[in-house]
Amino acid sequence: MLTGGGGTIPDTTDDSTQKPSMPKQFTKITLDKLLLFANDATYYDYVDQESSFRHLHEKWDVHSTFKSRLVMDGYLPKILVVNHSLGGTGTGLIKNLWYWVFTCFGMTVPYRIWFSYHCSNTEVTIAKEVKG
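### With respect to the sheet that holds strand β3 (residues 26–37)
Reasoning step 1: In spatial order, the strands read β4-β3-β5; together these 3 strands make up an open sheet with mixed pairing. On the outer flanks of this sheet lie β4 (78–82) and β5 (119–130), each paired with one strand and no other. The average angle at which neighbouring strand axes cross in this sheet is 30°, direction not considered.

### Re the pattern of salt bridges
Reasoning step 1: Applying the stated rule across the entire model yields 1 salt bridge.
Reasoning step 2: Between Glu50 and Arg54 there is a salt bridge whose closest N-O contact spans 3.8 Å. In this pair, Glu50 and Arg54 both sit in helix α1 (residues 40–58), 4 residues apart, roughly one turn of the helix.

### As for the packing of helix α2 (residues 96–104) against helix α3 (residues 108–117)
Reasoning step 1: Orientation of α2 relative to α3, taken along the N-to-C sense of each, is 140°, at an axis distance of 8 Å. Taken together, the axes of α2 and α3 lie oblique to each other. Taking contact as the criterion, the partners of Trp98, Tyr99, Phe102 and Thr103 in α2 are, on α3, Thr108, Tyr111 and Arg112.
Reasoning step 2: Partitioned by chemical class, the residues of the contact of α2 with α3 number 4 nonpolar, 2 polar and 1 charged.

### Remarks on a nonpolar patch on the surface
Reasoning step 1: On the surface, Leu35, Tyr43, Tyr44, Tyr46 and Val47 cluster together into a nonpolar patch covering about 440 Å² of accessible area.
Reasoning step 2: Secondary-structure assignment places Tyr44 in helix α1.
Reasoning step 3: Given a relative accessible area of 54%, Tyr44 falls into the exposed group.

### Things to note about the nonpolar core
Across soluble globular proteins, you tend to see nonpolar side chains buried next to one another.
Reasoning step 1: Residues Phe26, Ile94, Phe102, Tyr111, Phe115 and Cys119 constitute the largest nonpolar core, which totals 6 residues.
Reasoning step 2: Leaving out residues up to four positions away in the same chain, Tyr111 has contacts with Leu93, Ile94, Lys95, Trp98, Tyr99 and Phe102.

### Comments concerning the packing of aromatic side chains
Each aromatic ring pair is specified by the distance between its two centres and by the angle formed by the two planes.
Reasoning step 1: One pass over the full model with this rule turns up 8 aromatic pairs.
Reasoning step 2: On the basis of an interplanar angle of 45° and a centroid distance of 5.2 Å, the ring pair of Phe37 and Tyr46 is categorised as tilted.
Reasoning step 3: Among the aromatic residues, those joined into a ring-pair cluster are Tyr99, Trp100, Phe102, Tyr111 and Trp114.
Reasoning step 4: Against the face of Tyr117 rests Lys24, its NZ or CZ located 4.7 Å from the ring centre.

### Concerning the confidence of the model for the chain
Reasoning step 1: Of the residues in the chain, 78% have a pLDDT of 70 or more, and the chain-wide mean is 78.
Reasoning step 2: For the stretch residues 1–11, pLDDT sits under 50, and the model shows 13 contacts to residues farther than four places along the chain or on other chains.

### Remarks on the side chain of Thr42
Reasoning step 1: Structurally, Thr42 can be placed in helix α1.
Reasoning step 2: Setting aside residues no more than four positions away along its own chain, Thr42 makes contact with Phe37, Val130, Lys131 and Gly132.

### What about the pairing of β3?
Reasoning step 1: With 5 bridges connecting them, β3 and β4 associate as antiparallel partners. Within β4, the residue paired with Thr30 across the bridge is Lys78.
Reasoning step 2: The pairing of β3 with β5 spans 12 bridges and is classified as parallel. Its bridge partner lying in β5, Asp32 is registered against Thr125.

Cut-offs and rules
Residues numbered from 1 in each chain as written. Predicted model: local features only at pLDDT ≥ 70, side-chain atom pairs only at ≥ 80, totals over all residues. Heavy atoms only, no water. Pairing = 2+ DSSP bridges. Helix = DSSP H or I, 4+ residues; strand = E, 2+ residues; numbered from the N terminus. Axes fitted to C-alpha atoms, helices over the stretch in contact; angles between N-to-C directions. Salt bridge = Lys/Arg side-chain N within 4 Å of Asp/Glu carboxyl O. Parallel < 35°, antiparallel > 145°, perpendicular 65-115°, else oblique. Contact = heavy atoms within 4.5 Å. Nonpolar A, V, L, I, M, F, W, Y, C, P; charged D, E, K, R; others polar. Patch = residues over 30% accessible without salt bridge, like charges linked within 9 Å, V, L, I, M, F, W, Y side chains within 5 Å. Areas by Shrake-Rupley, 256 points an atom, 1.4 Å probe, with all protein chains shown as cover. Buried < 20%, exposed > 50% of the residue type's maximum accessible area, 1.4 Å probe, protein only. Core = buried A, V, L, I, M, F, W, Y, C linked by side-chain atoms within 4.5 Å. Phe/Tyr/Trp six-rings, centres within 6.5 Å; stacked < 30°, edge-to-face > 60°. Lys NZ or Arg CZ within 6 Å of the ring centre and 35° of its normal. pLDDT = per-residue confidence, 0-100.

Right under this line is the structure:
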């Protein structure tokens, strides 16, 4: 389990008959964003404001498209976490230098296979609730 930031990320092993595996030295975290509305009134207010904005500006620019997105300062969709509690120092072959050395020798596929063997994957959703 990963902990920190007030939350806990459970292990995603579904098979209860599977033997526990050794903890991996690295964890690849994939982050997703989610916008939630506290109630129906907030949702309808958001939709009304968006519709008004579109209607106001569609007369002036007929070639534009409108998309809404959730922007967060410092947001990174993927993060690599090093597990220092396993002992060992440094990150070994997991460095930009070694990646480029393997790339120059045409060995990116074996490097990526080796890297994925030493990583576990976790997905986290960041939710923002809007009240209005």
